[in-house]
Amino acid sequence: MIGFIGYGNMGGALVRAFLSHGIPADEIVISTRSPEKLKSLLDEYSVSVGSMNEVQSADILFLCVRSSDALDVLKQLTSFKGHLVSINGGISLNDLSSIYSGPVTKAMPPLTAEVGRGIVLLCHNQICSTSKKIEELFSKVCSVEILPEDKFPDAENITGCAPAFFARFAEMLAESSNFSSEESLKMAKETLIATALLLDEGKLSLNDLIEKVATKGGITEKGLQVMDDELPSTVKKMYEHMH
């Protein structure tokens, strides 16, 4: 049995990702303070909805609550004996292990796992038989990267935050056009999707793609020159604010 405590953006994305990639609905039980959020899920899948006590019988339990609530919730799991998976970036393995003595995995899954792509960052407090099960479970929905915990922040800047950055940049491109908001956003979104597919299916590197689009002396090259001059300092400032 796989249990979930919390059903926010990331918890919901993980549940849907696992369900759409072969995990049977009757193997999932969810406990949430906001059961109304489960309506659309329950319309599609017959997952179980349980109390905090009921999810403690799970073999693997995902802690998907806010970082500010995570340790308090963990202290209530007095009968849980399985493998704990925390998706709370602000809570360290040491903090979790100081309360729960069993196997713990810290996971930073991407929102894109819901569509079966992206990279999840994993770090285990101990290697045991269920550690491999956690890795195999995540590998059903995205690529798995095992990293030391102190490497998580830098990696998450790319694997976790970048989708929002890419989307915001696409919005900015759209807002700078002379088309209506609806037309320009449609163009930006479709181009973003097509670019990702081209990189993937076309087996292109990022630099290969840039060179294919930016012909010598063309408007793309001129735009890239501005980006090369202006963006590095902006990205550096973003990283500084994020940590």
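To be clear, the structure that these remarks concern was listed above.
No experiment lies behind these values; they were computed from the predicted model shown.

Draft legend 1. Examining the environment of aspartate 154 more closely. For aspartate 154, the location among the structural elements is in helix H7 (residues 152-159). Residue class for aspartate 154 comes out exposed when judged on its relative accessible area of 52%. The sequence separation of aspartate 154 and glutamine 225 amounts to 71 residues, and the corresponding C-alpha distance is 26 Å.

Draft legend 2. Examining the nonpolar core more closely. The biggest cluster of nonpolar side chains holds 29 residues, and the ones touching the most others in it are Phe4, Phe18, Ile30, Leu41, Phe62 and Phe138. At the level of secondary structure, the elements contributing two or more residues to this core comprise strand S1 (2-5), helix H1 (9-20), strand S2 (28-31), strand S4 (60-63), strand S7 (119-124) and helix H6 (129-139). Residue contributions to this core peak at 5 residues, all from H1. Core analysis: the next-biggest nonpolar cluster, separate from the first, contains 23 residues, Leu61, Leu63, Ile91 and Leu147 among them.

Draft legend 3. Summary view of helix H11 (residues 219-242). With 24 residues, H11 ought to run about 34 Å at 1.5 Å a step, and its terminal C-alpha atoms sit 33 Å apart, in line with that. Along H11, the helix axis deviates most sharply at leucine 231, where the bend reaches about 40°; the proline proline 232 sits within four residues downstream.

Draft legend 4. A look at helix H8 (residues 162-175). Between its first and last C-alpha, H8 extends 20 Å over 14 residues, near the 20 Å set by a 1.5 Å rise per residue. Of the positions making up H8, those classed as buried are Ala162, Ala170 and Ala174. Seen end-on, H8 carries its buried residues on one side only, within an arc spanning 120°. Structurally, H8 contributes buried residues whose contacts are with H7 and helix H9 (181-201).

Cut-offs and rules
Residues numbered from 1 in each chain as written. Predicted model: local features only at pLDDT ≥ 70, side-chain atom pairs only at ≥ 80, totals over all residues. Heavy atoms only, no water. Helix = DSSP H or I, 4+ residues; strand = E, 2+ residues; numbered from the N terminus. Buried < 20%, exposed > 50% of the residue type's maximum accessible area, 1.4 Å probe, protein only. Core = buried A, V, L, I, M, F, W, Y, C linked by side-chain atoms within 4.5 Å. Expected span 1.5 Å × (residues − 1). Bend = angle between axes of the 7 residues up to and from the residue. Arc of directions from axis to C-beta. Contact = heavy atoms within 4.5 Å.

Remember, this is a structural readout, not a statement about activity or role.
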